[in-house]
Protein chains: 2
Amino acid sequence: MTETLAQGATIGILGGGQLGRMLSVAAARLGYRTHIFEPGAAPAADVAHALTTAPYDDAKALAAFAASVDVITYEFENVPTAALDLLEATRPIRPGRRALATSQDRLTEKTFLQDLGLATAPFAAVEDAASLAIALDEIGTPAILKTRRLGYDGKGQARIMAPDDAPNALASLKGAPAILEGFVPFRAEISVIGARGLDGAVACFDPGENLHRDGILRTTTVPARISAALRSDAVLIAARMLNALDYVGVMGVELFVTPDGLVVNEFAPRVHNSGHWTQNGCLIDQFEQHIRAIAGWPLGDGTRLADVQMENLIGDDIARLPELAAEGAAIHLYGKAEARPGRKMGHVNRIVRP
Amino acid sequence: MTETLAQGATIGILGGGQLGRMLSVAAARLGYRTHIFEPGAAPAADVAHALTTAPYDDAKALAAFAASVDVITYEFENVPTAALDLLEATRPIRPGRRALATSQDRLTEKTFLQDLGLATAPFAAVEDAASLAIALDEIGTPAILKTRRLGYDGKGQARIMAPDDAPNALASLKGAPAILEGFVPFRAEISVIGARGLDGAVACFDPGENLHRDGILRTTTVPARISAALRSDAVLIAARMLNALDYVGVMGVELFVTPDGLVVNEFAPRVHNSGHWTQNGCLIDQFEQHIRAIAGWPLGDGTRLADVQMENLIGDDIARLPELAAEGAAIHLYGKAEARPGRKMGHVNRIVRP
């Protein structure tokens, strides 16, 4: 364990939501403290050693934060570049800048995947009506127009079912640089949660099968209903991406299962909602795996020990708590004060017994 | 879920050691905040919402602490009575005072067990040389002289192998009220971690088998190597104790396995070191079970899903961290700054695969 973070060291986490919260608990379990940096409400602070409440353009707060920690990680990929520049001058950021830069921009991301020889949806850059017309000509309809940056949970997207929809779709993005993606005819979406250690070792959790509603993940079920060959393909794709980015930490990769094999949808350079099942299906979960990687530990044993279904609790789902508590399920709540529509309030892991 | 603690409520925990730390994480997982009260160093504060550092005779600090929380629990049974009186005037204490009073005093504890018709080691109260002589006459040697209060991990105890040892043994206890216990010829020690909800429901984890060294728990292994009949006896004994004390929360019961059946050694009115295996062997562990009980939730599913061995990391054991991290084991560290001899620094759970 050369380069291993010393016991009692502090891990800085950018973002104080549920992912930061669960990372913080995993860090504590391995003997580390955490310091959360978050401009808004920070449920993660309930289980963290320290909290800085400041915007990402507060250079003084960023500098003090960086000086107080030993390594920096993040729970979301849209950290402003200027903040990262400032932080990186003081402490290592893991996963590194290349993974962030690649995943922050859908066009860069798709190009990266294509350059690796991986299958993606057909895509083209869109800056204006003219380039959209050319892209539609090439890709056809139906297609989906997405902002290159800052989209999540179905936000910043517009469907184009026929060429006539183009002007409205373009207008809805309010001039943001965009990408047009062709539809991929898929029978399922799966995720691979992969990890790469400081020593370059790679380990992946078993792929899970995702179901979305209204653009938000509803459930992930493991094992995914795919062949052993596809399962192996999925893991190899994730490993290839991890190596190409010289990645350190956990990455979530979303893949479409199509008649022609796997198509990469997107990746997130962080722990991922579709990996929450690992908390109750494995000895070492994705959060601990991430902390192990960024702290320079050997990766842990992520062998799947059970069949699990993870269900997100979104908005008013939290009202079902009494019945969920009476059921034989593992409940994970995020400590958020208010249940707004579309807001992730917690999740439930159920062991699927044969 | 009538009487259920509302989401976002705060649980007060007396004691900021590793048990408070792991309770705090479980509370967060169920959507609660925690406030730790601890006179000394508090590794639990790294994963808690708030910390009060004050001695147990600081009435003002106790009152402010009680006013800031919704329910109070504890990680150790030797909370001073005056502090409990003050706290209880403001907020409910769970488990209740009767369990604390019974377990704080070895004589009261043994009498309670005897009154329930449960087998214990032969015992007698000892105040001085005269009562010790009478007790030795009755119980014989070898025997063990223990302080009635404040003993743990083998402290406050003296063995009497022959009557000649009596004066030295008595002197070593420095006049503290004591109890003489006869030796129990046992082939194994087991623990049952039992839980009782606010609604009176009882659930027990599978008994584990304990190995001690120098009076400190080294390993707990589940399943214990006992017959199904003894396993059932152990659970029934724990359930009987929980009901008799109108208990709310998790209790650890230590039992000797003898040729004549089970003999109760002692109980702790709290989560217990010998129950740490539940973190990696069950969907709901002892810490969550305790929080569920004191928060008025239904008890969770504590079915054992795997064979597990828990090993304590004591003092210099922590130097083995590099090799442990490379092994396929779940590591739980307590965030303690200094590794002193006999100090519990963490534990490791290993899934025992067939």
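Since we're looking at a predicted model, the values are computed, not measured.

A few words on the sheet that holds strand 8 (residues 178-182) of chain A. Residues and elements named next belong to chain A. Overall, antiparallel pairing links the four strands, which are arranged 5-8-6-7 in an open sheet. Either end of the sheet is taken by a strand with one partner, and the two such strands are strand 5 (123-126) and strand 7 (157-160). Averaged over all neighbouring strand pairs, the angle between strand axes comes to 25°, with direction disregarded. Of the pairings in the sheet, the one linking strand 6 (residues 143-147) to strand 7 comprises four bridges and is antiparallel in character.

This part covers helix 3 (residues 81-88) of chain B. Residues and elements named next belong to chain B. For helix 3, the complete set of buried residues consists of Ala83, Leu84 and Leu87. For helix 3, the buried positions fall inside an angular range of 100° around the axis, keeping them on one side. Each element contacted by the buried residues of helix 3 is listed here: strand 1 (10-14), helix 2 (59-68), strand 4 (71-74) and helix 4 (97-104).

Here we come to the relation of the copies chain A and chain B. Relative to chain B, chain A is turned by 180° and slid 0.0 Å along the rotation axis, the superposed coordinates differing by an RMSD of 0.0 Å. On this basis, the relationship between the two copies can be described by a two-fold rotation axis. Measuring from the rotation axis to each C-alpha of chain A, the shortest distance belongs to Val47 of chain A, at 1.9 Å. Taken as a fraction of all interface residues of chain A, those also at the interface in chain B reach 100%, which identifies the copy contact as same-surface.

Residues and elements named next belong to chain B. Inspection of the secondary structure puts Ser131 in helix 6 (residues 129-139). The class for Ser131 is buried, based on a relative accessible area of 14%. Excluding anything up to four places from it in sequence, Ser131 contacts Ala125 and Val126.

Residues and elements named next belong to chain B. Packing of helix 3 against helix 4 brings their axes to within 12 Å, and their N-to-C directions diverge by 175°. On the basis of their axis angle, the class for helix 3 and helix 4 is roughly antiparallel. Here Thr81, Leu84, Asp85 and Glu88 of helix 3 lie close against helix 4, whose contacting residues are Arg97, Leu100 and Gln104. A class-by-class count of the residues in the contact of helix 3 with helix 4 yields two nonpolar, two polar and three charged.

Contact with chain A, which involves 36 residues of that partner, is made by 36 residues of chain B. Between chain A and chain B, roughly 3,000 Å² of surface is buried when both sides are summed, and carbon and sulfur atoms account for 60% of that area. The interface formed by chain A and chain B contains two salt bridges. A salt bridge links Arg33 of chain A to Asp46 of chain B, with the shortest nitrogen-to-oxygen separation between them at 3.1 Å. Where chain A packs against chain B, one counts 10 residue pairs in polar contact (both at pLDDT 80 or more). Of all the secondary structure elements, the ones that give two or more residues to the side of chain A that touches chain B are helix 1 (18-29), helix 11 (321-326) and strand 16 (330-333) of chain A.

Attention shifts here to the sheet that holds strand 3 (residues 50-52) of chain B. Residues and elements named next belong to chain B. Sheet architecture is open: four strands sit in the order 3-2-1-4, paired in parallel fashion. What marks the edges here is a single partner per strand, and that holds for strand 3 and strand 4. Put simply, the sheet's adjacent strands are angled 25° from each other on average, direction ignored. Looking at chain direction, strand 1 and strand 4 are connected through four bridges and run parallel. Looking at the pairing, Ile13 lines up with Thr73 of strand 4. Together, strand 1, strand 2 (33-37) and strand 4 form the strand contacts of helix 1 (residues 18-29), whose direction differs from that of strand 1 by roughly 170°.

Further remarks concern the pairing of strand 13 (residues 249-258) of chain B. Residue and element names in this part refer to chain B. Of all 10 residues that make up strand 13, 10 are buried, and the element is covered over most of its length. Pairing between strand 13 and strand 14 (residues 261-268): seven bridges, direction antiparallel. Its bridge partner being in strand 14, Glu254 is matched across the sheet by Glu266. Connecting the antiparallel pair strand 13 and strand 14 is a turn made up of two residues.

Conventions used here
- Residues numbered from 1 in each chain as written.
- Chains lettered and ligands numbered in written order.
- Predicted model: local features only at pLDDT ≥ 70, side-chain atom pairs only at ≥ 80, totals over all residues.
- Heavy atoms only, no water.
- Pairing = 2+ DSSP bridges.
- Helix = DSSP H or I, 4+ residues; strand = E, 2+ residues; numbered from the N terminus.
- Axes fitted to C-alpha atoms, helices over the stretch in contact; angles between N-to-C directions.
- Buried < 20%, exposed > 50% of the residue type's maximum accessible area, 1.4 Å probe, protein only.
- Arc of directions from axis to C-beta.
- Contact = heavy atoms within 4.5 Å.
- Least-squares fit on C-alpha atoms with pLDDT ≥ 70 in both.
- Parallel < 35°, antiparallel > 145°, perpendicular 65-115°, else oblique.
- Nonpolar A, V, L, I, M, F, W, Y, C, P; charged D, E, K, R; others polar.
- Buried area = accessible area lost by both parts, 1.4 Å probe.
- Salt bridge = Lys/Arg side-chain N within 4 Å of Asp/Glu carboxyl O.
- Polar contact = N/O pair within 3.5 Å; in protein donor to acceptor, adjacent residues only side chain to side chain.

By themselves, these observations are geometric and do not establish any function.
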